[in-house]
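Working through the structure, step by step
Below are the chains, spelled out letter by letter.
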Amino acid sequence: MFSYKWYLIFLFASLAVSIGIQLILPFPYGLGVALALFIMLPLLIRRRFMNRAAGGGSQSMGGGFFGIGSKPGGSSINYVCLVCNNKYKGGFCPRCGSKMKRADFRNDS
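Here's a quick rundown of the structure. The residue numbers shown here count from 1 along each chain, following its written sequence. Only residues with pLDDT of at least 70 get local features here, since the model is predicted, and only at 80 or more are side-chain atom pairs given and counted; chain-wide, interface and lining totals rely on the full set of residues. Computation of side-chain values covers all heavy atoms of the structure but excludes hydrogens and water.

For the purposes of this entry, the term helix denotes a DSSP run of H or I that reaches at least four residues, the term strand denotes a run of E that reaches at least two, and both are numbered from the N terminus. Looking at the secondary structure, you find S18 in helix α1 (residues 4-24). Discounting residues that sit within four places of it in the chain, S18 has contacts with A34 and L37. The contact criterion used is simple: two residues touch if any of their non-hydrogen atoms lie within 4.5 Å.

Here it is as structure tokens:
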């Protein structure tokens, strides 16, 4: 895994390289390249870490609240009617017609 210590090492390494680039290139170009490097390197490291955490490779399941642990085929959210305690999927209860519901995220269909 990627720790905070390694993130800081890469951050300060990119700062050192960007200062070196500013010393080599003339003023406007060196500053632009250094800022781009200082901004892009942590973003690339963060993307690499998120791909590894999500099961990585070239296929990412996406982030978000339900993205990492959800099934690729779709969502497995069931609803439980608050009136008659019926489990269902959809907008309203097929048994009593009530729209009052709570989400049930368990996979024990």
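Moving on, we come to the pattern of salt bridges. Between side chains of opposite charge, a pair can form as their charged atoms come close. When a carboxyl oxygen of Asp or Glu is within 4 Å of a side-chain nitrogen of Lys or Arg, the pair counts as a salt bridge. Per the stated rule, a full pass over the model turns up 1 salt bridge. Between K87 and D104 there is a salt bridge whose closest N-O contact spans 3.4 Å. Linking K87 in strand β2 (residues 87-88) with D104 in strand β3 (residues 101-104), this pair joins segments that are 17 residues apart in sequence. Note on exposure labels: buried denotes an accessible area under 20% of the residue type's maximum, exposed denotes more than 50%, and partly exposed covers the range between, all computed with a 1.4 Å probe on protein chains only. Owing to a relative accessible area of 44%, K87 belongs among the partly exposed residues under this scheme. For D104, a relative accessible area of 3% translates into the label buried.

This next bit is on unusual backbone geometry. Peptide bonds are trans in most cases, and residues, glycine excluded, mostly fall at negative phi. Despite not being glycine, N85 has its phi angle at roughly 60 degrees, a positive value. Tracing the chain through its elements places N85 in the loop between β1 (78-81) and β2. By relative accessible area, which is 58% here, N85 ends up exposed.

Among the secondary structure elements, S14 is positioned in helix α1. On the basis of relative accessible area, S14 is assigned to the buried category, the value being 2%.

By this definition, two strands are paired if DSSP reports at least two bridges between them. Judged from the 4 bridges that link them, β1 and β3 form a sheet pairing that is antiparallel. The residue of β3 that forms the bridge with N78 is D104. Sheet analysis places β1 next to β2, joined by 2 bridges and oriented antiparallel. Residue V80 lies in a different strand from β2, and its bridge partner there is K87. Counted between consecutive antiparallel strands, the loop separating β1 from β2 contains 5 residues, among which N85 sits at a positive phi close to 60 degrees.

The values reported here are purely geometric and, on their own, carry no functional implication.
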